[in-house]
Each structure stands twice: as structure tokens, then as C-alpha cells.
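Observations on the model geometry
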Amino acid sequence: MKTGKIKFFNESKGYGFIVDDETQKDVFVHISELGNATTLTQNDAVRFEVKMGKKGLNAVNVVKL
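Along every chain, residues carry numbers that run from 1 in the direction the sequence is written. Whole-chain, interface and lining totals are the exception, using all residues; otherwise, since this is a predicted model, local features are given only for residues with pLDDT of at least 70 and side-chain atom pairs are given and counted only at 80 or more. Note that the side-chain values use all heavy atoms of the structure and ignore hydrogens as well as water.

Section: the overall build of the chain
Here a strand is any run of E in DSSP of at least two residues, a helix any run of H or I of at least four, and the numbering for each starts at the N terminus. Along the chain, the regular secondary structure elements total zero helices and five strands. Reading the secondary structure of the chain in the N-to-C direction produces β-β-β-β-β. A globule of 65 residues ought to have a C-alpha radius of gyration of about 11 Å, and the chain, at 10 Å, matches this closely. With respect to the three principal axes, the spread of C-alpha positions in the chain is 25 × 25 × 20 Å. Summary of the burial criterion: residues with accessible area below 20% of their type's maximum are buried, those above 50% are exposed, and those between are partly exposed, where the area comes from a 1.4 Å probe applied to protein chains only. When the 65 residues of the chain are sorted by exposure, 29% land in the buried category. Throughout, a contact is declared for two residues whenever any of their heavy atoms are within 4.5 Å. A fraction of 41% describes how many contacts in the chain between residues 6 or more apart in sequence connect residues 24 or more apart. Of the roughly 4300 Å² of accessible surface on the chain, 50% is carried by carbon and sulfur atoms. For the chain, the centre of its 10 positive side-chain charges and the centre of its 8 negative side-chain charges are spaced 5 Å apart. C-alpha atoms define the radius of gyration in this analysis, and the globule rule sets the expected value at 2.2 Å times the number of residues to the power 0.38. A 1.4 Å probe and the Shrake-Rupley method give the accessible areas. Residues count as covered only by the protein chains that appear here. His is not counted, nor are the chain ends, whereas Lys and Arg count as positive and Asp and Glu as negative. To locate a charge, take NZ of a lysine, CZ of an arginine, CG of an aspartate or CD of a glutamate.

Things to note about the environment of Lys-51
Looking at the element boundaries, Lys-51 is found in strand β4 (residues 45–53). Judged by its relative accessible area of 48%, Lys-51 falls in the partly exposed class. Those residues within four positions of Lys-51 in sequence are excluded, and the remaining contacts are Gly-56, Leu-57, Asn-58 and Val-60.

Quick notes on the nonpolar core
The nonpolar core is taken to be a set of buried Ala, Val, Leu, Ile, Met, Phe, Trp, Tyr and Cys residues, with the residues joined through side-chain atoms within 4.5 Å. Listed in full, the 11 residues of the largest apolar core are Ile-6, Phe-9, Ile-18, Val-27, Val-29, Leu-34, Leu-40, Val-46, Phe-48, Ala-59 and Val-62. Listed by contribution, the elements that provide at least two residues to this core are β1 (2–10), β3 (26–30), β4 and β5 (56–64).

Just distances and angles here, no functional claims.
This is the structure we're talking about:
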């Protein structure tokens, strides 16, 4: 599992981006992948897995730490 911090999350649109601690790259996250949280805010620490989506890496199984 990877770790990172929330860079941006738009609650009304249901998506945002995580900055991967290891690679420092942005990873897309959709609200449907949030395990233990209903929303995320900037700088929240998270643990997640990545999966290749249509437009790049997507975070899946996201858990707020």
C-alpha cells in the first residue's frame, strides 16, 4: 500500500488528487473509493493502492489515516 496526502478534493463533484509520498506524483481519487471517510480535505494523510484508469493512475481502497 502507498501513502500520500490529499492535494485537492472537491466534495460536490466527488473527486480530487493525492500526492504520492514516494513518487511525488498526483493520483486521481474518486469519492467511491473512500473506505473509512465520507470526504477528504487538503493535507489529510491517506493510505491507498493504485490502478491504471483510462486517463492515468487512480487511487483505490483509500483509507484516511
